[in-house]
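# Fold and contact review
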Amino acid sequence: MEKLLQLQKITSEEARIFVFEGEKFDFDVKRIYFTRDVPVGQIRGHHAHKTLQQVLLCPHGAIRVTLDDGLGNKESAILDTPEKGLYVGPALWRTMEWLKPESLLLVFASQNYIAEDYIRDYDLFLGFARNQFK
Ligand code: T46
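- An unreviewed UniProt entry lists the protein under the name TDP-4-oxo-6-deoxy-alpha-D-glucose-3, 4-oxoisomerase, with bioreactor metagenome as the source organism.

## What about the site of the ligand?
- Taken together, the neighbourhood of the ligand is formed by 13 residues, with R31, R44, H49, R94 and Y118 sitting nearest.
- Residue R31 places a side-chain N or O atom 2.8 Å away from an oxygen atom belonging to the ligand.
- In this structure, an oxygen atom belonging to the ligand sits 2.5 Å away from a side-chain N or O atom of Y118.
- Protein contacts shield 69% of the accessible area of the ligand, which totals 640 Å² for the unbound molecule.
- Every element with two or more residues in the shell around the ligand is listed here: β4 (31-35), β5 (43-49), β6 (54-60) and β10 (93-98).
- With four residues, β5 is the largest single contributor of residues to the shell around the ligand.
- Partitioned by chemical class, the residues of the shell around the ligand number five nonpolar, four polar and four charged.

## Structural notes on the pairing of strand β8 (residues 74-79)
- Judged from the six bridges that link them, strand β7 (residues 63-68) and β8 form a sheet pairing that is antiparallel. Bridge pairing in β8 places D68 opposite K74.
- Counting the residues between successive antiparallel strands, the hairpin from β7 to β8 contains five residues, one of them, G70, with a positive phi of roughly 75°.

## Examining the UniProt feature "domain: Sugar 3,4-ketoisomerase QdtA cupin" (unreviewed entry) in the protein
- Using the residue numbers shown here, the UniProt feature "domain: Sugar 3,4-ketoisomerase QdtA cupin" (unreviewed entry) corresponds to residues 3-127.
- The span residues 3-127 carries 5% helix and 51% strand; its end-to-end C-alpha distance comes to 24 Å.

## Considerations on the nonpolar core
- Judged by nonpolar contacts, the single largest core of 15 residues is most densely connected at L56, I63, V65, L86 and L105.
- At the level of elements, β6, β7, β8, β9 (84-88), β10 and β11 (104-109) are the ones that each hand at least two residues to this core.
- For this core, the element with the most residues is β7, which contributes three residues.
- If near-sequence neighbours (up to four positions away) are discounted, V65 is found in contact with L56, E75, S76, A77, L79, L86, T95 and M96.

## A closer look at the packing of aromatic side chains
- One pass over the structure, following the stated rule, counts eight aromatic pairs.
- Centre to centre, the rings of W93 and F125 are 5.5 Å apart; their planes meet at 40°, and the pair counts as tilted. Of this pair, W93 sits in strand β10 while F125 is found in helix α1 (residues 122-132), placing the two residues 32 residues apart along the sequence.
- Among the aromatic residues, ring-to-ring pairing joins F20, F25, F27, Y87 and F108 into one connected group.
- Seen from the ring of Y87, K3 lies directly overhead, with NZ or CZ sitting 5.1 Å from the centre.

What counts as what
- Residues numbered from 1 in each chain as written.
- Predicted model: local features only at pLDDT ≥ 70, side-chain atom pairs only at ≥ 80, totals over all residues.
- Heavy atoms only, no water.
- Near = heavy atom within 4 Å.
- Polar contact = N/O pair within 3.5 Å; in protein donor to acceptor, adjacent residues only side chain to side chain.
- Areas by Shrake-Rupley, 256 points an atom, 1.4 Å probe, with all protein chains shown as cover.
- Helix = DSSP H or I, 4+ residues; strand = E, 2+ residues; numbered from the N terminus.
- Nonpolar A, V, L, I, M, F, W, Y, C, P; charged D, E, K, R; others polar.
- Pairing = 2+ DSSP bridges.
- UniProt positions renumbered as here; feature names shortened; annotations may be inferred.
- Core = buried A, V, L, I, M, F, W, Y, C linked by side-chain atoms within 4.5 Å.
- Buried < 20%, exposed > 50% of the residue type's maximum accessible area, 1.4 Å probe, protein only.
- Contact = heavy atoms within 4.5 Å.
- Phe/Tyr/Trp six-rings, centres within 6.5 Å; stacked < 30°, edge-to-face > 60°.
- Lys NZ or Arg CZ within 6 Å of the ring centre and 35° of its normal.

Set out below in structure tokens:
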């Protein structure tokens with residue numbers, strides 16, 4: 001379920017540059033956004049998407065991402081280095097816990113914001129997840 005991706009690190013004079021080439025995406029990126037100014041300890045998410053695909057990066061700080069496929073499988077990954085990305089496909093209930101101050105969650109998404117793509121009720125999500133594999 002969990003798919004960690006490795007960014008290329010380029011160390012140049014007095015800088016490190018992190019690169020994630022387009023062909024590593026399983027989808028065309030339609031939208032990029034980031035979440036910041038979240039207090040340590042706050043847990044966001046608590047939803048799934050019906051179709052949205054994303055790659056999550058934490059270029060600064062540390063964020064724990066937990067994914068639940070609604071079929072009994074739950075996995076967590078700590079994004080605590082700019083070298084790691086996490087692919088998150090559809091039909092995964094996700095939570096993101098801010099572990100360090102000033103942590104930044106950068107999201108590359110396959111489609112524009114569509115409120116109807118969200119499932120925010122866990123019981124509805126369980127039904128959705130089960131139907132996916134019928
Ligand atoms: C995700 C995780 C990883 C908008 O009006 N437009 C937008 O483009 C977005 C992204 C959000 N919103 C509204 C919808 C909610 O009322 O802003 C509020 C908070 O959004 P959301 O519940 O999506 O926030 P997070 O931090 O729980 O989730 C975010 C992404 O939005 C979501 O797609 O999978 O990061």
